[in-house]
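# Summary of structural features
Letter by letter, the chains look like this.
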Amino acid sequence: MFSAFLNTWKIPELRRRILFTLGIIAIARLGANVPCPGVDAGPLRQWIQAQQSEVGGSVFGLADLFTGGALQQCAVFALGVMPYITASIIMMMLSAVIPALERLKQEGESGRARVIQYGRYLTIVVCVFQGFFLAKAFEHPSKLFRGFTGVLVANPGVGFEILTVLTITTGTVLLMWLGEQITERGIGNGVSIIITVGIVDRMPRAIAQAWSLFFPGPGVESQFNALHAILLIVMLFAVTAAVVAMTVARRRIPIQVAKRMIGNRMTASQQTHVPLPINQAGVMPIIFAQAILMFPAQLFQMSGITTLQRLARVLTEGEVVYLTLYGLMILAFSYFWVAIQFNPLEIAENLKRSGGYIPGVRPGKPTAEHLNFVMTRITLAGAIFLTVVAVIPYILSHNLRIPYLTASFFGGTSLLINVGVLLDTMRQVESHLIMRNYDGFLRKGKLRGRR
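Residues numbered from 1 in each chain as written. Predicted model: local features only at pLDDT ≥ 70, side-chain atom pairs only at ≥ 80, totals over all residues. Heavy atoms only, no water.

### A word on the overall build of the chain
Helix and strand counts for the chain come out as 20 helices and five strands. Within the chain, contacts between residues at least 6 apart in sequence are counted, and of these 71% link residues at least 24 apart. (Helix = DSSP H or I, 4+ residues; strand = E, 2+ residues; numbered from the N terminus. Contact = heavy atoms within 4.5 Å.)

### Some details on the sheet that holds strand β5 (residues 356-357)
Pairing within the open sheet is antiparallel, and its three strands lie in the order β4-β1-β5. Taken across any chain shown, the strands that pair with only one partner, and hence form the sheet edges, are β4 (270-277) and β5. By the bridge criterion, eight bridges tie strand β1 (residues 250-257) to β4 in an arrangement that is antiparallel. Counted as the bridge partner of Arg251 is Leu276 from β4. (Pairing = 2+ DSSP bridges.)

### Notes on the packing of aromatic side chains
In the structure shown here, the tally under the stated rule is 10 aromatic pairs. Each ring, one from Phe132 and one from Phe133, has its centre 5.7 Å from the other, and the planes form 80°; the classification is edge-to-face. What makes Phe133 partly exposed here is its relative accessible area of 48%. One aromatic cluster is present, formed by Phe288, Phe333, Phe336 and Trp337 through successive ring pairs. (Phe/Tyr/Trp six-rings, centres within 6.5 Å; stacked < 30°, edge-to-face > 60°. Buried < 20%, exposed > 50% of the residue type's maximum accessible area, 1.4 Å probe, protein only.)

### Topic: helix α13 (residues 226-248)
For α13, spanning 23 residues, the distance from its first C-alpha to its last is 34 Å, which sits close to the expected 33 Å at 1.5 Å a residue. Residues of α13 that are buried include every one of Leu232, Val239, Val243, Met246, Thr247 and Val248, and no others. Looking at the buried side of α13, the elements it contacts are α12 (203-214), β1, α18 (365-398) and α20 (412-435). Between the side-chain oxygen of the N-cap and the backbone nitrogen of Leu227 there are 3.0 Å, and the N-cap of α13 in question is Asn225. (Expected span 1.5 Å × (residues − 1). Polar contact = N/O pair within 3.5 Å; in protein donor to acceptor, adjacent residues only side chain to side chain.)

### Considerations on the environment of Asn350
You can see Asn350 is positioned in helix α17 (residues 344-353). Assessed through its relative accessible area of 35%, Asn350 is described here as partly exposed. With 14 residues separating them along the chain, Asn350 and Gly364 place their C-alpha atoms 9.4 Å apart.

### Focus on the state of the cysteines
Across all of its chains, the model carries zero disulfides by this definition. In this model Cys36 remains outside any disulfide bridge; the closest cysteine sulfur is found in Cys74, 7.2 Å from its own. Its relative accessible area of 2% is what places Cys36 among the buried residues. (Disulfide = S-S within 2.5 Å.)

### Considering empty space enclosed by the protein
It is the rolling of a water-molecule-sized probe over the atoms that shows where space remains empty. One pass over the structure, following the stated rule, counts four cavities of 30 Å³ or more. When its volume is computed, the second largest cavity comes out at roughly 110 Å³. Ala28, Arg29, Thr67, Leu175 and Ile194 are the residues nearest the centre of the second largest cavity, which is lined by 15 residues in total. Broken down by secondary-structure element, the contributors of at least two residues to the lining of the second largest cavity are α2 (12-31) and α11 (190-200). Each residue belonging to the lining of the second largest cavity can be placed in one class, and the counts come to 10 nonpolar, four polar and one charged. (1 Å grid on protein atoms, 1.4 Å probe; cavity = no way out; pocket = protein on both sides within 12 Å on 5 of 7 lines; lining within 4 Å. Points joined across faces, edges and corners; volume = space filled by probe spheres on them. Nonpolar A, V, L, I, M, F, W, Y, C, P; charged D, E, K, R; others polar.)

### Points about unusual backbone geometry
A positive phi angle is found at Cys74, which is not glycine, with a value near 50°. The residue Cys74 is located in the loop between α5 (59-66) and α6 (82-97) in this model.

### Let's talk about the pattern of salt bridges
Enumeration according to the criterion identifies five salt bridges in this entry. Across the pair Lys136 and Glu161 runs a salt bridge, and its minimum N-O distance is 3.0 Å. Taken together, the residues span a long stretch of sequence, with Lys136 in helix α8 (residues 109-139) and Glu161 in helix α10 (residues 158-185) at a distance of 25 residues. (Salt bridge = Lys/Arg side-chain N within 4 Å of Asp/Glu carboxyl O.)

### Concerning the nonpolar core
The tendency in soluble globular proteins is for nonpolar side chains to be buried as a group. Counting 81 residues, the largest nonpolar core has Val243, Leu276, Tyr326 and Leu416 as the members making the most contacts within it. In terms of residue count, the dominant contributor to this core is α18 (12 residues). Contact partners of Tyr326, with chain neighbours within four places excluded, come to Ile286, Ala289, Gln290, Leu293, Ala390, Val391 and Tyr394. Leu71, Cys74, Ala78 and Leu79 belong to the second largest nonpolar core, which has 17 residues in total. (Core = buried A, V, L, I, M, F, W, Y, C linked by side-chain atoms within 4.5 Å.)

### Examining the layout of surface pockets
Roughly 1200 Å³ of internal volume is contained in the second largest pocket. Taken together, 40 residues make up the lining of the second largest pocket; nearest its centre are Thr196, Val200, Met203, Asn418 and Leu422. With 10 residues, the single largest contributor to the lining of the second largest pocket is α20. Here the lining of the second largest pocket is built from residues that sort into 32 nonpolar, eight polar and no charged.

### Some remarks on the pairing of β1
Pairing between β1 and β5: two bridges, direction antiparallel. Across the sheet, the residue bridging to Gln256 is Tyr357, located in β5.

### Here we look at the packing of α6 against helix α16 (residues 320-341)
Axis separation between α6 and α16 bottoms out at 9 Å; the angle between their running directions is 65°. At the point where α6 passes α16, the crossing takes the left-handed sense. Along the contact surface, α6 presents Ile89, Met92, Met93 and Ala96, while α16 presents Phe336, Trp337, Ile340 and Gln341. Among the residues making up the contact of α6 with α16, the classes are represented as seven nonpolar, one polar and no charged. (Axes fitted to C-alpha atoms, helices over the stretch in contact; angles between N-to-C directions. Left-handed = near helix turned anticlockwise from the far one by under 90°.)

### Regarding the side chain of Thr172
Relative to the elements of secondary structure, Thr172 occurs in helix α10. Not counting residues up to four positions away in its chain, the partners in contact with Thr172 are Leu79, Gly80, Pro83 and Cys127.

### Quick notes on the confidence of the model for the chain
On average, the chain scores 81 in pLDDT, and the residues at 70 or more come to 84%. Within the chain, the element-level pLDDT minimum falls on helix α4 (residues 52-55), averaging 50, and the maximum on α10, averaging 91. (pLDDT = per-residue confidence, 0-100.)

### Focus: α12
For an α-helix, the turn length of 3.6 residues means that residues three or four places apart are oriented alike. End to end, α12 covers 17 Å across 12 residues, agreeing with the expected 16 Å (1.5 Å per residue, within 8%). Listed as buried for α12 are Ala206, Gln209, Leu213 and Phe214. Viewed along the axis of α12, the buried residues span an arc of 145°, placing them on a single side of the element. Summarising the geometry of α12, the exposed residues directed more than 90 degrees from the buried face are Pro204, Ile207 and Trp211. (Arc of directions from axis to C-beta.)

Pasting the structure below:
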């Protein structure tokens, strides 16, 4: 494997792509630390460091995760690529219910390019909407951050709001363009890499917090010992290995392609397979479940009504009611996302046109029903796996008193995104190596990607 990394620098094109990607990442991280004009982020940073264990699992913590810490810096890239992801999800869902968009996607490269362009326009609309509310949050931070009494904006008003919306919208559009440049001229999926780098950027702080658990300082006795450290390390490797295994896991449906006459030649029958991912939905069910559960709790807490505030405490992360609803929502959204992404009728029709069939299953509608039955069963396994991985950080944080920032690397959204993006990037690098007769990352076999 180490020789594979050394070989990446021996291929000029691959070396240029890697250096280009690193350069774009540096620009993205620079923009995540440049504050918006008129905003003093110092008081907010100090408050977050003091309240890190509480805000880690909140709405703010989820948003700050995807912006790589830019939100707590009140930076130009404060929204990160979240508006672009939101717009892409909206366009994907609209394509499933609007026939015109579905036909446009089926027109080939030109049709898909138009759908992507519509997504970019929608990204700007989402940016303006979210940027306005973020400007209001900068002016009145106590409404968003409970217990924060500092001042972020010295001169609030309409002028500041307009300037902030323009700045944040421009920053998000620039970040979206940088991500597309990585996809086109770099290595890996640009938007995913930007999110992953933002998550990895938090790792030094997570390690520092973990270190303080075992070595709290002179005169303070730690509640953790060497056995706890060994168990945490073993757990980290075990969960990571399980996530890698489930990310690349596929259920292979055998396909038999009948003999066909092509020109004047009869082709022989072939055997192949249709790979169905065990975790088709990826990390999206966890994101949806977190967002839906966090926002009501935040609104109830801000309402000032005693009954609603009590209900908000019941919906606090780590509570039994919260974890139960969280797991049920992950299960529901896993099936919802698969229903949008997976079209068994289309696969059955494509197999029928190409002369392929599943042994023991009639072509056409029976094939679609068989594929839907298999996908339903394996989606349950993937959803249960996602639920287990998603609740690990909350259990570590609320039951074992491990800081949320440290616990987030033991599961949840952070680990799933990191594993998925790194596997995809390594697969692309390996394809360049093998294409030029170099060994890949594995001496035997081939590194399997997410597709």
